[in-house]
Amino acid sequence: MKKSPKSRPSKSRLLQSLVPALAALGFAAHQGLAASRSSRTTSSDMPVAQALPSKTPSSALPSLARPALSPAPAPVEEAVYPEPRVDALSLAHEHLNRVNHVARARTLRELGDLSGALTESRRALYDAPDDEEILGTITRLGQLTGQTAFAVLAYERLGRLNPEDASPLVQQARLLVSLGRYADAVRVGEEAVSREPEEPEAYQVLGRAHLAAGNLPDAILRFQQAVHLDPEHGYALNNLGLAWLRANENAKAAEVLARAAALLPNVAYVHNNLGVAYERLGRTEEAQAAYATATRLSPRYVKARVNSNRMGKVASLGVAAAGSQGSAAEGLLPEDPGQ
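Residues numbered from 1 in each chain as written. Predicted model: local features only at pLDDT ≥ 70, side-chain atom pairs only at ≥ 80, totals over all residues. Heavy atoms only, no water.

Q: How should the overall build of the chain be read in this particular structure?
A: Along the chain, the regular secondary structure elements total 14 helices and 0 strands. Going from N to C terminus, the chain has its helices and strands arranged as α-α-α-α-α-α-α-α-α-α-α-α-α-α. When each of the 339 residues of the chain is scored for burial, the buried share is 34%. Considering only contacts in the chain between residues 6 or more positions apart, those separated by 24 or more positions represent 55%. Accessible surface, the chain as shown: approximately 21100 Å² in total, 56% of it carbon and sulfur. (Helix = DSSP H or I, 4+ residues; strand = E, 2+ residues; numbered from the N terminus. Buried < 20%, exposed > 50% of the residue type's maximum accessible area, 1.4 Å probe, protein only. Contact = heavy atoms within 4.5 Å. Areas by Shrake-Rupley, 256 points an atom, 1.4 Å probe, with all protein chains shown as cover.)

See below:
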């Protein structure tokens, strides 16, 4: 049996019934999408600067309008490196393996290579700056090789290591005189005297420094002090006599030079100086004898030979030589630098 057409729902009624459902579904979807967007931070969520007039200077903008700056980095302290050691005496070096420079220096010295031995000693000193044995070796090698400046520096360091000992300073002052550094020699000599006021060698070397510098009063004073402390110091007597000769105090010179010649009978220049004093005093025969002794002791001693020849001519002509100022005197720097 067929149903009547009125019993079927029409299409229009079906559509009308679906509209509320579709509307509900669309509303729910819209709510879900909004919720998902709100959970994410976008540029629209960032604080935005309030609109300002176009003529507002940039310095007046609020802080939120400026780009965020990274925090200032913590101050970094610069590495501090020690100053390089400035040392004109020791010789810097680097080795992968430790080297015994002292043994090397000893071997080279035995082989006759004094300059090489000095170089190795300076390297050894770089490893042990206060080693007194190494410093002593440098003082000797420096003088033997003619590199006296290294010996001067070594004596100076020995003087610092032994603040109560005048001996290193006495030796240093002697070398300074030989180098023509008279002002430095006077300074070092004064320090030696202050360390050991009863040491005649300190006064002797200080007198030599003053004499070399042409300061006769101080030279005479220091030599007199040396002789007072050691009346048989022949070299101090000789140099005192030379100072008196330069001051034209010939009688005083003859007296102390006669004593020096008796104490140093084999030192040629002492007899030559005595001859000069006798010649200036007109004591011709004694002058001739003194010059002859000096020439005999040192045949290549030019000044003594010149003086002797002149006195021989004077004697043959019978000319008086009293008061002669042409004679040559020597003794400022003894041949032995240790004196």
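Read on, since the account is not over.
Q: What is the right way to look at the environment of Pro-168 in this model?
A: By the element assignment, Pro-168 lies in helix α6 (residues 167-178). Pro-168 sits in the buried class, given a relative accessible area of 8%. For Pro-168 and Ala-154, which are 14 residues apart along the polypeptide, the C-alpha to C-alpha distance reads 8.9 Å. Leave out the neighbours within four places in its chain, and Pro-168 touches Tyr-155, Leu-158 and Gly-159.

Q: What exactly am I supposed to notice about the packing of helix α13 (residues 284-297) against helix α14 (residues 302-317) here?
A: For any two helices packed against each other, the geometry comes down to the angle between their axes and how far apart the axes lie. The interhelical angle for the contact between α13 and α14, taken along N-to-C directions, is 145°, at an axis separation of 9 Å. Relative to α14, α13 is oriented so that their crossing is left-handed. Of the residues in α14, those touching α13 at Thr-284, Ala-287, Gln-288, Tyr-291, Ala-294 and Thr-295 are Ala-304, Arg-305, Asn-307, Ser-308, Arg-310, Met-311, Gly-312 and Ala-315. (Axes fitted to C-alpha atoms, helices over the stretch in contact; angles between N-to-C directions. Left-handed = near helix turned anticlockwise from the far one by under 90°.)

Q: Explanation requested: the nonpolar core in the structure shown.
A: Nonpolar side chains in soluble globular proteins generally cluster together in the buried interior. With 69 residues, the main nonpolar core has Leu-89, Ile-138, Leu-211, Leu-240 and Val-270 as its most contacted residues. Among the elements that take part in this core, helix α10 (residues 234-246) stands out by supplying 8 residues, more than any other. Once residues lying within four places of it in the same chain are set aside, the contact partners of Leu-89 are Arg-122, Leu-125, Leu-135, Ile-138, Phe-150, Leu-153, Ala-154 and Arg-157. (Core = buried A, V, L, I, M, F, W, Y, C linked by side-chain atoms within 4.5 Å.)

Q: Any chance you could explain the environment of Glu-285 here in plain terms?
A: Tracing the backbone shows Glu-285 in helix α13. Separated by 26 residues in sequence, Glu-285 and Met-311 place their C-alpha atoms 9.0 Å apart.

Q: Looking at this structure, I do not really get the confidence of the model for the chain. What am I missing?
A: The predicted coordinates of low-pLDDT regions are not to be read in fine detail. The predicted model of the chain averages 80 in pLDDT, with 68% of residues at 70 or higher. Contacts from residues 1-7, a stretch scored under 50 in pLDDT, to residues over four places away or in other chains number 0 contacts. Under a pLDDT of 50 for its full length, residues 41-65 has, in the predicted model, 8 contacts with residues more than four places off or in other chains. (pLDDT = per-residue confidence, 0-100.)

Q: Just to check I follow, could you spell out unusual backbone geometry for this structure?
A: Excluding glycine, most residues fall at negative phi; most peptide bonds, likewise, are trans. Phi angles above zero are rare outside glycine, and Asn-248 is one such case at about 65°. Its place among the elements puts Asn-248 in the loop between α10 and α11 (250-263).

Q: I would appreciate a short explanation of α14 in the present structure.
A: One full turn of an α-helix is made of 3.6 residues, so residues set three or four places apart face in the same direction. A rise of 1.5 Å per residue sets the reference length of α14, with its 16 residues, at 22 Å; its end C-alpha atoms lie 23 Å apart and thus fit the reference within 8%. Ala-304, Asn-307, Met-311 and Val-314 are the residues of α14 that are buried. Down the axis of α14, the buried side of the element spans an arc of 90°, and every buried residue falls inside it. With respect to the buried face of α14, the exposed residues turned more than 90 degrees away are Lys-313, Ser-316 and Leu-317. (Expected span 1.5 Å × (residues − 1). Arc of directions from axis to C-beta.)

Q: Got a minute to help me understand the pattern of salt bridges in this structure?
A: Side chains that differ in charge, positive against negative, can pair when their charged atoms come close. One pass over the structure, following the stated rule, counts 12 salt bridges. Between Arg-104 and Glu-120 there is a salt bridge; the shortest N-O distance is 3.9 Å. Residue Arg-104 is located in helix α2 (residues 101-110), and its partner Glu-120 is located in helix α3 (residues 114-127); the two are separated by 16 residues in the primary sequence. Close ionic contact of Arg-181 with Asp-184 constitutes a salt bridge, the shortest N to O distance being 3.2 Å. (Salt bridge = Lys/Arg side-chain N within 4 Å of Asp/Glu carboxyl O.)

Q: I tried to follow the packing of α6 against helix α8 (residues 200-212) on my own but got confused; where do I start?
A: Two elements in contact, α6 and α8, have axes separated by 10 Å at closest approach and are oriented at 20°. Regarding the angle of α6 to α8, the classification is roughly parallel. In this structure, the crossing between α6 and α8 has a hand that is left-handed. Here Val-170, Ala-173, Arg-174 and Val-177 of α6 come into contact with α8, specifically with Glu-201, Ala-202, Val-205, Arg-208, Ala-209 and Ala-212. Class assignment for the residues of the contact of α6 with α8 results in 7 nonpolar, no polar and 3 charged. (Parallel < 35°, antiparallel > 145°, perpendicular 65-115°, else oblique. Nonpolar A, V, L, I, M, F, W, Y, C, P; charged D, E, K, R; others polar.)

Q: Hey, could you run me through helix α7 (residues 182-195) in this one?
A: Across its 14 residues, α7 extends 20 Å between first and last C-alpha, which sits within 8% of the 20 Å expected from 1.5 Å per residue. Turning to α7, its buried residues number three or more, namely Ala-185, Val-186, Val-188, Gly-189, Ala-192 and Val-193. Buried positions along α7 lie against α6 and α8.

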